[in-house]
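# Understanding the architecture of this molecule
The chain contents come next:
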Amino acid sequence: LRGARNGVLGAKAVEFSVTKGDEVKGGGNKYTFTVTVSAAMSKDSYTAIMKDFKKNAQFPGFRKGTIPPFMLPKVKQFVILDCLEKTLSDAVKDEGLTLVSDDVKPILDDDQTK
């Protein structure tokens, strides 16, 4: 990979780095974005998702609004994806790029899923 760049997105305190990858068939390049969000943004997203889950949760064997322990890792994944959705489009625009595909595959470090 070559052509790495760094940036910061406005008041959101989101840091990102961009690495230009290989060319793809049909023209264009693959890019790798590494996004670091602030703890406040992550906490806000977690709070909103948990509130929504508790409002709509109905799991057999659990009271309505109760989140079973086996769902907590899934909630963390939703938080990561929510933060990624909020920041990735801004990072792409900031770099002057255009998304050709919505086929975005997040690759999570082991310490991010704990």
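This text goes with the structure placed above it.
## Some details on the packing of aromatic side chains
Ring pairs (aromatic) are described by centroid distance and by the angle formed between their planes. Going through the model one piece at a time under the given rule, you end up with 3 aromatic pairs. Ring geometry for Phe59 versus Phe70: centroids 6.1 Å apart, planes at 85°, classification edge-to-face. Of this pair, Phe59 sits in the loop between helix 1 (39-56) and helix 2 (72-94) while Phe70 sits in the loop between helix 1 and helix 2, placing them 11 residues apart in sequence. Clustering of aromatic rings is evident, with ring pairs tying together Phe59, Phe62 and Phe70.

## Overview of helix 1
Given a rise of 1.5 Å per residue, 18 residues ought to cover 26 Å, and the 26 Å separating the end C-alpha atoms of helix 1 matches this to within 8%. Every buried residue belonging to helix 1 is among Met41, Ser45, Ile49, Met50 and Phe53, and all of these are buried. For helix 1, the angular spread of the buried residues around the axis is 160°, confining them to a single face. Among the exposed residues of helix 1, those oriented more than 90 degrees off its buried face are Ala39, Lys43, Asp44, Lys51 and Lys55.

## Focus on helix 2
Given a rise of 1.5 Å per residue, 23 residues ought to cover 33 Å, and the 33 Å separating the end C-alpha atoms of helix 2 matches this to within 8%. Within helix 2, the axis deviates most sharply at Thr87, by approximately 30°. Within helix 2, the full set of buried residues consists of Val75, Val79, Asp82, Cys83, Leu84, Thr87, Leu88, Ala91 and Val92. Downstream of helix 2 by one or two residues, Gly96 has phi in the positive range, about 75°.

The rules behind the values
Residues numbered from 1 in each chain as written. Predicted model: local features only at pLDDT ≥ 70, side-chain atom pairs only at ≥ 80, totals over all residues. Heavy atoms only, no water. Phe/Tyr/Trp six-rings, centres within 6.5 Å; stacked < 30°, edge-to-face > 60°. Helix = DSSP H or I, 4+ residues; strand = E, 2+ residues; numbered from the N terminus. Expected span 1.5 Å × (residues − 1). Buried < 20%, exposed > 50% of the residue type's maximum accessible area, 1.4 Å probe, protein only. Arc of directions from axis to C-beta. Bend = angle between axes of the 7 residues up to and from the residue.

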